[in-house]
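Analysis of the macromolecular model
Residue strings, one per chain:
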Amino acid sequence: MTVVRRALPEDAAEVLRLRQVMIDSLFPADGSGEGSVGWHAESLPTLRRRLSEPDGDFAAFVVDHPDRPGTLAALVAGTIEYRIGRADNPRGTVGYVFSVATDPGARRRGYARACMDALLAWFRARGAPKVHLTASAEAAPLYTALGFRPKPDPLMELLL
């Protein structure tokens with residue numbers, strides 16, 4: 001049985017390591033862009049603070065690596081966002097999954113799915129009637145198995 005737990009402030013460095021695993025799988029590391037780990041030091045204090053807020057709008061769920069004490073095998077992180085309500089969501093709460101990663105040496109053991117189940121339960125407990133995520137082609141089968149469906153999205157982005 002896979003034991004999933006809520007990430008703690010002392011897990012922050014490992015959470016960042018697994019987030020980097022996810023980023024590197026999406027964007028090949030070249031040392032100058034997304035693959036660079038220089039941002040970890042700046043991100044660490046904020047992440048530790050956010051992980052210490054059990055009633056906040058951010059949660060990360062993890063599985064400890066069974067073969068490497070002090071190391072995480074899998075990570076799933078998400079937030080609850082508020083948007084002005086509408087007919088299908090009067091309270092305006094939406095869950096957003098933004099980081100799912102498994103250590104390369106711990107894949108195909110069901111850890112990401114177990115973490116996703118925990119995060120989805122957290123979203124339900126906070127009244128989010130829907131959850132959004134962006135899926136890579138490799139991860140899409142997992143999300144489809146959990147009930148996610150593709151939707152056309154007119155997402156646009158502005159970098160400030």
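Residues numbered from 1 in each chain as written. Predicted model: local features only at pLDDT ≥ 70, side-chain atom pairs only at ≥ 80, totals over all residues. Heavy atoms only, no water.

1. Re the overall build of the protein
Operational definition: Helix and strand assignments come from DSSP, with helices taken as H or I runs of at least 4 residues and strands as E runs of at least 2, each series counted from the N terminus. The reference for a compact globule is 2.2 Å times residues^0.38; the radius of gyration itself is calculated from the C-alpha atoms. Residue contacts follow a heavy-atom distance rule, with two residues in contact if any of their heavy atoms lie within 4.5 Å. Residue-level accessible areas treat just the shown protein chains as cover; the underlying method is Shrake-Rupley with a 1.4 Å probe. For the charge count, each Lys or Arg is scored as positive and each Asp or Glu as negative, with His and the chain ends excluded. Charge positions come from single atoms, namely NZ of Lys, CZ of Arg, CG of Asp or CD of Glu.
Of regular secondary structure, the protein possesses four helices and five strands. Expected size for 160 residues packed as a compact globule is a radius of gyration near 15 Å; at 16 Å, the protein falls within 12% of this value. The principal-axis extent of the C-alpha atoms belonging to the protein is close to 45 × 40 × 30 Å. Considering only contacts in the protein between residues 6 or more positions apart, those separated by 24 or more positions represent 64%. Within the structure as shown, the protein displays about 9,800 Å² of accessible surface, and the carbon and sulfur contribution to it stands at 57%. Of the side-chain charges in the protein, 20 are positive and 19 negative, and the distance between the mean point of each set is 7 Å.

2. Notes on the nonpolar core
In plain terms, the rule: By nonpolar core is meant a set of buried Ala, Val, Leu, Ile, Met, Phe, Trp, Tyr and Cys residues that side-chain atoms within 4.5 Å join together. Think of it in three bands: residues with accessible area under 20% of the maximum for their type are buried, residues over 50% are exposed, and the middle band is partly exposed, with areas taken using a 1.4 Å probe on protein chains only.
Within the largest apolar cluster, 23 residues are counted, with the highest numbers of intra-cluster contacts made by Val76, Val97, Val100, Met116, Leu119, Trp122 and Phe123. Among the elements that make up this core, the one with the highest residue count is helix 3 (residues 111–125) (nine residues). With near-sequence residues (within four places) excluded, valine 76 lies in contact with Ala59, Ala60, Phe61, Val97, Ser99, Val100, Ala112, Cys115, Met116 and Leu119. Counting 18 residues, the second largest nonpolar core, distinct from the first, contains Leu18, Ile23, Leu47 and Ala77.

3. So, the packing of helix 1 (residues 12–26) against helix 2 (residues 40–51)
Just so we agree on the cut-off: Angles shown run from 0 to 180 degrees and are taken between the N-to-C directions of axes, each axis being a line fitted to C-alpha atoms and, for helices, limited to the stretch in contact. Any angle that falls under 35 degrees is termed roughly parallel, while one over 145 is termed roughly antiparallel, one within 65 to 115 roughly perpendicular, and all others oblique. Less than a right angle of anticlockwise turn of the near helix away from the far helix marks a crossing as left-handed, whereas a clockwise turn marks it as right-handed. By the convention adopted, Pro, Cys, Tyr, Trp, Phe, Met, Ile, Leu, Val and Ala count as nonpolar, Lys, Arg, Asp and Glu as charged, and the other residues, Gly among them, as polar.
In contact at an axis separation of 9 Å, helix 1 and helix 2 are set at 120° when each is read in the N-to-C sense. Relative to helix 2, the element helix 1 is oriented oblique. At the point where helix 1 passes helix 2, the crossing takes the right-handed sense. Note on element contacts: helix 2 touches helix 1 through His40, Ser43, Leu44, Leu47, Arg48 and Leu51, opposite Ala12, Ala13, Val15, Leu16, Arg17 and Gln20. Grouping the amino acids of the contact of helix 1 with helix 2 by side-chain chemistry returns seven nonpolar, three polar and two charged.

4. Notes on the sheet that holds strand 2 (residues 58–64)
As a reminder, the rule being used: By this definition, two strands are paired if DSSP reports at least two bridges between them.
Across the sheet, five strands lie side by side as 1-2-3-4-5; this open sheet has mixed pairing. Each edge of the open sheet carries a strand with a single partner, namely strand 1 (5–6) and strand 5 (131–133). Pairing of strand 3 (residues 72–82) with strand 4 (residues 93–102) involves nine bridges; the strand directions are antiparallel. Bridge pairing in strand 4 places leucine 75 opposite alanine 101.

5. Considering helix 1
Condition: Here, expected helix span is obtained from the residue count minus one, scaled by 1.5 Å.
Between its first and last C-alpha atoms helix 1 spans 21 Å; for 15 residues at 1.5 Å apiece the expected length is 21 Å, and the two agree. By the burial criterion, the buried members of helix 1 are Ala12, Glu14, Val15, Leu16, Leu18, Gln20, Val21, Met22 and Ile23. Buried residues in helix 1 make contact with helix 2, strand 2, strand 3 and strand 4.

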